[in-house]
Amino acid sequence: MADMPKTLYDKLWDAHLVQEEADGTALIYIDRHLVHEVTSPQAFEGLEIHGRKLWRLKSILATADHNVPTTARNEGIADPVSRLQVETLDNNIVKFGVKDYFGMHDSRQGIVHVIGPEQGATLPGMTVVCGDSHTSTHGAFAALAFGIGTSEVEHVMATQCLVAKKSKSLLIRVEGKAGRGVTAKDIVLAIIGKIGTAGGTGSAIEFAGSAIRALSMEGRMTVCNMAIEAGARAGMVAADEKTIEYLKGRAFAPKGAMFEQAARYWTTLHSDVGATFDRIVDLDAAAITPQVTWGTSPEMVTSITGSVPEPAKETDPVKREAMERALQYMGLDPGTLMADIRIDKVFIGSCTNSRIEDLRAAAGIVRGRHIADNIKLAMVVAGSGLVKRQAEVEGLDKIFLAAGFEWREPGCSMCLGMNEDRLSPGERCASTSNRNFEGRQGAGGRTHLVSPEMAAAAAIAGRFADVRQIL
Amino acid sequence: MDPFRQHTGLVAPLERANVDTDAIIPKQFLKSIKRTGFGENAFDEWRYMDLGEPGMNNSKRPLNPNFVLNQSRYLGATILLTRKNFGCGSSREHAPWALQQFGFRAIIAPSYADIFFNNCFKNGLLPIVLTELEVDHLFNIVSATAGLQLSVDLDRQTVRVPSAQVYIFDVEDSRKQSLLNGWDEIGRTLRHSDKIKSYETARATREPWLFN
Ligand code: SF4
């Protein structure tokens, strides 16, 4: 039926079907393949062993981001194991003839999920994959974007396709106006708090509603970035004027008449009126407050005005045990006010919150203030070389440095601490990243996820603080 | 890929929900450019008392006696019984590599994170889904019976307890066939090369900006 109303996900799926089996297993075509040093070496090796080539060189955009140092980069990578991994990517790029590679010393280098959109390499209507779970970020552009494992990286390299089955569709509607100081990060943390970290398992999420439409492209990327933290492989937002405006003039985006033609198609990338979803969840934006996680899973989240929950009140025994374990790991007592929790370190960065808008927002809080005495380290790690340069043009680096922050080179950094940037055991960190798992930012480290504004406010106060009282 | 058909082995219970891939194999071990050598560092932060780094002699490291996989009754386990949303977080395929190289052939849980679930099938590691209730039962049986072995039969889609209790599980047919036969999926997809090429031609007409 040609005129059956379709969801955005239906449209993207249908447009990429190369073949479909009777049981629904399909071969879907991949338009953009983002590659980084951690999940690609074994895939390149697999190709080599079988004597296979890359199917479509131009689909690949590669960078080194997870292992790169954020200081003294001209001295190279000190850790020999990290260095070998980055050099392996350098070599594979040459060996396989990949054209678009932003290596460690390229001015455009950065976190893979920041540079894709920044370069216009992520376009509406595309399928985008990467050997990285936060590939969901790119869904902000009405693209079908999801993370894959290394075997699938090799599969896409060799065939430009993936074997996949269609997911269920989940519509998350956030209506109304978010209050002052309530950001995209708070919206997505509130969503995860509501549906849980497995709430989106097996689903592709479309984020919609007036509060999502009101977000900038950066904000939409923050929301889609954390779709994976709700268990969904993909998150997406319909294309609109903002999407098209953002892409104009970007290096990899079409130009001139071709751009106009593309833009006409892109405006069709939204769910049709009457399209049906397997499940719908509604949130009221006005009810969302600045969020802070208290535990070791992103669903363990509460409002800055709240307190650490009491496991004794939880009736589900598995949940209660998980809460107890989390509080023990986090070194927190039930009932403690979130605003009374003192911190040691602050990390502003990661593919969730390291874009220019994030840095502007954090700088706005920091301007003319200084970090508290108990803060051992506060660092800002721009998502890409271009974000860093733009921030410097605007003088944001000066604001951060004057306030006592460190201003670092772009990369994943303390989001997962594969390089030197890590928490020590027991250290407590306000982090704008996306995962507060045990040991994520360093063995024994304690991570609290917050927005850039809330991280900045925590740096100034030395403990979590309600950014709305500072604005 | 190694095929999976049937397997009988010792079960180890990991009584946690939301076990993430950072816990299964911590990031410092992801710096390897190889596909092997991850087994000794599976669950590294839970398994050892000290901080693990690549290149350490793991046989000399102090073990955490409280961690279930270190307990003598579960040594040599090849089936992992665990709770919901197993394998959440990072997409790292190093997680199934680590579990498999540790010695596991199958996992039983009420649910898995999508990418992890997918990655298991690519590596001949079978992730079995049973209901919360069935998993509860199994946890009870395992804790009550030292040395309990389960038999998994992928073709029949069954998990059998020696007392003759049988649990049936679902598995998508395409995944099942691939695992039973140990197929090379890339080779199978490349048989459709002509289809992929004609798709590209059609797509280039519809969205020419993608193929410039
Ligand atoms: S910033 Fe963090 S979450 Fe994002 S790609 Fe890097 S390591 Fe992964």
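Residues numbered from 1 in each chain as written. Chains lettered and ligands numbered in written order. Predicted model: local features only at pLDDT ≥ 70, side-chain atom pairs only at ≥ 80, totals over all residues. Heavy atoms only, no water.

The next subject is the pattern of salt bridges. On inspection of all chains with the given rule, the structure shows 36 salt bridges over all chains. For the salt bridge of A:Asp10 with A:Lys166, the shortest nitrogen-to-oxygen distance reads 2.5 Å. Placement of A:Asp10 in helix 1 (residues 8–15) and of A:Lys166 in the loop between strand 8 (161–165) and strand 9 (168–175) is noted, with a sequence separation of 156 residues between them. By relative accessible area, A:Asp10 is classed as buried at 19%. The partner of A:Asp421 in a salt bridge is A:Arg408, and the shortest N-O contact between them spans 3.3 Å. Of this pair, A:Asp421 sits in the loop between strand 17 (406–408) and strand 18 (428–431) while A:Arg408 sits in strand 17, and the two are 13 residues apart along the sequence. In the salt-bridge network here, residues are joined through shared partners; they are A:Asp31, B:Arg203 and B:Glu207. (Salt bridge = Lys/Arg side-chain N within 4 Å of Asp/Glu carboxyl O. Helix = DSSP H or I, 4+ residues; strand = E, 2+ residues; numbered from the N terminus. Buried < 20%, exposed > 50% of the residue type's maximum accessible area, 1.4 Å probe, protein only.)

What follows concerns the nonpolar core. By size, the foremost hydrophobic cluster in this structure holds 113 residues, and its most contacted members are A:Phe405, B:Phe43, B:Phe86, B:Leu99, B:Ile108 and B:Leu126. When residues of this core are assigned to their parent elements, the largest contribution, seven residues, is made by helix 15 (residues 452–461) of chain A. If near-sequence neighbours (up to four positions away) are discounted, B:Ile108 is found in contact with B:Ile79, B:Leu80, B:Leu81, B:Thr82, B:Ile128, B:Leu130, B:Val135, B:Leu138, B:Leu150 and B:Val159. Of all hydrophobic cores here, the second largest spans 97 residues; its members include A:Ala43, A:Phe96, A:Leu170 and A:Ile212. (Core = buried A, V, L, I, M, F, W, Y, C linked by side-chain atoms within 4.5 Å. Contact = heavy atoms within 4.5 Å.)

Attention shifts here to the sheet that holds strand 6 (residues 127–130) of chain A. Residues and elements named next belong to chain A. The strand order 5-4-3-6-7 describes an open sheet built from five strands, whose pairing is parallel. Two strands bound the open sheet, and with one partner strand each, they are strand 5 (100–102) and strand 7 (144–147). Here the strands of the sheet are splayed against their neighbours by 15° on average, with no regard to which way each runs. Judged from the four bridges that link them, strand 6 and strand 7 form a sheet pairing that is parallel. Counted as the bridge partner of Val-128 is Ala-145 from strand 7. (Pairing = 2+ DSSP bridges. Axes fitted to C-alpha atoms, helices over the stretch in contact; angles between N-to-C directions.)

Contacts between the two partners involve 56 residues from chain B and, on the opposite side, 74 residues from chain A. Buried area between chain B and chain A, summed over both chains or domains, comes out near 5,400 Å², and the portion from carbon and sulfur atoms is 55%. Broken down residue by residue, the surface that chain B buries against chain A is led by B:Lys31, B:Ile33 and B:Trp209, which jointly contribute 15%. Counting across the chain B and chain A interface gives eight salt bridges. One salt bridge connects A:Arg440 with B:Asp22, and the closest N-O pair in it is separated by 3.4 Å. Linking chain B with chain A are 33 residue pairs in polar contact (both at pLDDT 80 or more). (Buried area = accessible area lost by both parts, 1.4 Å probe. Polar contact = N/O pair within 3.5 Å; in protein donor to acceptor, adjacent residues only side chain to side chain.)

Another aspect to go through is the sheet that holds strand 12 (residues 279–284) of chain A. All names here are of chain A. Spatially, four strands are ordered 11-10-9-12 in an open sheet, and the strand pairing comes out parallel. Of all the strands in the sheet, just strand 11 (234–236) and strand 12 have a single pairing partner and so form its edges. Strand-to-strand twist across the sheet, computed as the mean angle between neighbouring axes with direction ignored, equals 20°. Across six bridges, strand 9 lies against strand 12 in parallel orientation. When the bridges of strand 12 are listed, Leu-170 appears paired with Arg-279.

In this model, the largest pocket occupies a volume close to 1,200 Å³. Lining of the largest pocket is provided by 45 residues; of these, A:Ala164, A:Lys165, B:Asn118, B:Glu172 and B:Arg175 occupy positions nearest its centre. Among the elements of the structure, helix 1, strand 2 (25–29), strand 7 and strand 8 of chain A together with helix 4 (114–121), helix 6 (173–181) and helix 7 (185–190) of chain B are those that each provide at least two residues to the lining of the largest pocket. If one sorts the elements of the lining of the largest pocket by residue count, helix 6 of chain B sits on top with five residues. Of the residues assigned to the lining of the largest pocket, the class counts are 17 nonpolar, 13 polar and 15 charged. Size it by volume and the second largest pocket reaches roughly 580 Å³. (1 Å grid on protein atoms, 1.4 Å probe; cavity = no way out; pocket = protein on both sides within 12 Å on 5 of 7 lines; lining within 4 Å. Points joined across faces, edges and corners; volume = space filled by probe spheres on them. Nonpolar A, V, L, I, M, F, W, Y, C, P; charged D, E, K, R; others polar.)

Residues and elements named next belong to chain A. Residues of strand 6 alternate between two faces, with Thr-127 and Val-129 on one and Val-128 and Cys-130 on the opposite face, all of them buried. Across three bridges, strand 3 (residues 32–35) lies against strand 6 in parallel orientation. Looking at the pairing, Arg-32 lines up with Val-128 of strand 6.

As a further point, take the site of the ligand. Residues and elements named next belong to chain A. Within the structure, the ligand sits among His-66, Ile-111, His-113, Asp-132, His-134, Ser-350, Cys-351, Cys-412, Cys-415, Leu-416, Asn-434 and Arg-440. Structurally, the ligand is housed in the second largest cavity. The residue inventory of the shell around the ligand, partitioned by class, reads five nonpolar, five polar and two charged. (Near = heavy atom within 4 Å. Sits in = over half its atoms within 2 Å of the grid points.)

All right, on to the packing of helix 6 (residues 184–195) of chain A against helix 8 (residues 217–225) of chain A then. All names here are of chain A. Between helix 6 and helix 8, the least distance of the axes is 8 Å, while the angle of their chain directions is 25°. One finds that helix 6 runs roughly parallel with respect to helix 8. Crossing hand, helix 6 versus helix 8: right-handed. Contacts from Ala-184, Lys-185 and Val-188 in helix 6 reach Gly-219, Thr-222 and Val-223 in helix 8. Looking at the contact of helix 6 with helix 8 residue by residue, the class counts come to three nonpolar, two polar and one charged. (Parallel < 35°, antiparallel > 145°, perpendicular 65-115°, else oblique. Left-handed = near helix turned anticlockwise from the far one by under 90°.)

With that settled, the discussion passes to the confidence of the model for chain B. Counting all residues, the mean pLDDT for chain B is 94, and 100% of those residues have values of 70 or more. Confidence estimates for the predicted assembly give a pTM of 0.94 and an ipTM of 0.93. (pLDDT = per-residue confidence, 0-100.)

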